Amino acid sequence: MLRIINYFRFDILIKTLNIYYNISSFVQVGAHDGKMHDPLRKFVISNNWTGLLIEPQKEMIDKCKDNYRKVDNLTFVNCAVHPYEKKIKLFKVKNPKDYSHTGWASIKPNRFDNTQYENKLIAENVVARHLMDVVKENNFNFIDILQIDTEGFDAEVIKMFDFNSYSPLLIQYEHIHFTNSERELIDDELDSLGYYSIIKKNDVIAIRKDLISYLFVVRYFYLRIKSSIKSRYNKF
């Protein structure tokens, strides 16, 4: 298993892949409001992608729809994903002190251990569906990007995903809430499915091994340097 640390950025990888493979579709599990800390938003707005956005919080999926109201080809589904349950308890912060904490909604109550909200939670009953049922009923024949942020349930989402039917170019998921055994299990699983894992502080980016070539890497670093120069220039 090859694990690459810190050298690659998710947004530049998307730009590089888009040159060679013309990205056209994505699935986002844990879409929140479609805006806050969203790694796909700028690409969804500027490209004509077809997307499936799944979010269990009713108030957040409504905001997500509104934030993408000018974008076509997007499907919004208000549910949690689970391999077998039809209803689950979603644990949320009671009276969040910061708007960003509205994103701290999880199937796992221990996600809040050792935080300021450890004993300040509310439980909400929400509809749950198998991820692949949602994908297939919405007629997604191709998935180029799989983006996951479920506050501790990401390993189960990856296990649910049907890699026999779909081979995303790029996957990003949050590993900061994983146990060591979950982290190792998912790393090994993705490696066996043909993905390199790029380990970041909070997230892991997985990219298909067959996409990596000398020309791809050169193009990536060209775009990264170009982005860095543009960013520094804009500061002046």
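An account of the accompanying structure is given in this report. (Residues numbered from 1 in each chain as written. Predicted model: local features only at pLDDT ≥ 70, side-chain atom pairs only at ≥ 80, totals over all residues. Heavy atoms only, no water.)

1. What about a nonpolar patch on the surface?
A surface patch of nonpolar side chains, about 650 Å² in accessible area, is lined by Ile19, Tyr20, Tyr21, Tyr214, Leu215 and Val218. Mapped by element, the contributors of at least two residues to the nonpolar patch are helix H1 (10-21) and helix H7 (214-234). Within the element layout of this structure, Val218 appears in helix H7. (Patch = residues over 30% accessible without salt bridge, like charges linked within 9 Å, V, L, I, M, F, W, Y side chains within 5 Å. Areas by Shrake-Rupley, 256 points an atom, 1.4 Å probe, with all protein chains shown as cover. Salt bridge = Lys/Arg side-chain N within 4 Å of Asp/Glu carboxyl O. Helix = DSSP H or I, 4+ residues; strand = E, 2+ residues; numbered from the N terminus.)

2. Side note on the sheet that holds strand E6 (residues 87-93)
Spatially, three strands are ordered E5-E7-E6 in an open sheet, and the strand pairing comes out mixed. Only two strands of the sheet have a single neighbouring strand rather than two, namely strand E5 (80-81) and E6. (Pairing = 2+ DSSP bridges.)

3. Remarks on the side chain of Asp144
Relative to the elements of secondary structure, Asp144 occurs in the loop between helix H4 (131-137) and strand E8 (145-148). Salt bridges are absent for the buried Asp144, whose nearest opposite-charge side chain, Arg208, sits at 6.9 Å. Side-chain polar atoms of Asp144 contact the backbone nitrogen of Ser24, separated by 2.7 Å. When sequence neighbours within four positions are dropped, the list of residues in contact with Asp144 reads Asn22, Ile23, Ser24, Ser25, Pro168, Leu169 and Leu170. (Buried < 20%, exposed > 50% of the residue type's maximum accessible area, 1.4 Å probe, protein only. Lys, Arg positive; Asp, Glu negative; His and termini not counted. Polar contact = N/O pair within 3.5 Å; in protein donor to acceptor, adjacent residues only side chain to side chain. Contact = heavy atoms within 4.5 Å.)

4. With respect to a positive patch on the surface
On the surface, a cluster of positive charge is made up of Lys15, Arg219, Lys226 and Lys230. Tallying contributions element by element places H7 first for the positive patch, with three residues. Mapped onto the elements, Lys226 comes out in helix H7. (Charge placed at Lys NZ, Arg CZ, Asp CG, Glu CD.)

5. Looking at helix H3 (residues 58-67)
If you check which residues of H3 are buried, you get Met60, Ile61 and Cys64. Down the axis of H3, the buried side of the element spans an arc of 100°, and every buried residue falls inside it. The elements touched by buried residues of H3 are strand E3 (50-54) and strand E4 (74-77). (Arc of directions from axis to C-beta.)

6. Describing the pairing of strand E9 (residues 170-174)
Along any regular strand the residues' side chains alternate between the sheet's two faces. Buried residues dominate E9, accounting for five of its five residues. Here E9 shows a buried face lined by Leu170, Gln172 and Glu174 and a second buried face lined by Ile171 and Tyr173. Examined bridge by bridge, E8 and E9 share three bridges and lie parallel to one another. Bridged to Leu146 within E9 is Ile171. This β-α-β element, E8 to helix H5 (residues 154-160) to E9, shows right-handed connectivity. Here E9 runs beside strand E11 (residues 203-208); their pairing, made up of five bridges, is antiparallel. Across the sheet, residue Leu170 finds its bridge partner in E11, namely Ile207. (Right-handed = clockwise from strand over helix to strand, strands pointing away.)

On their own, these measurements won't tell you what the molecule is for.
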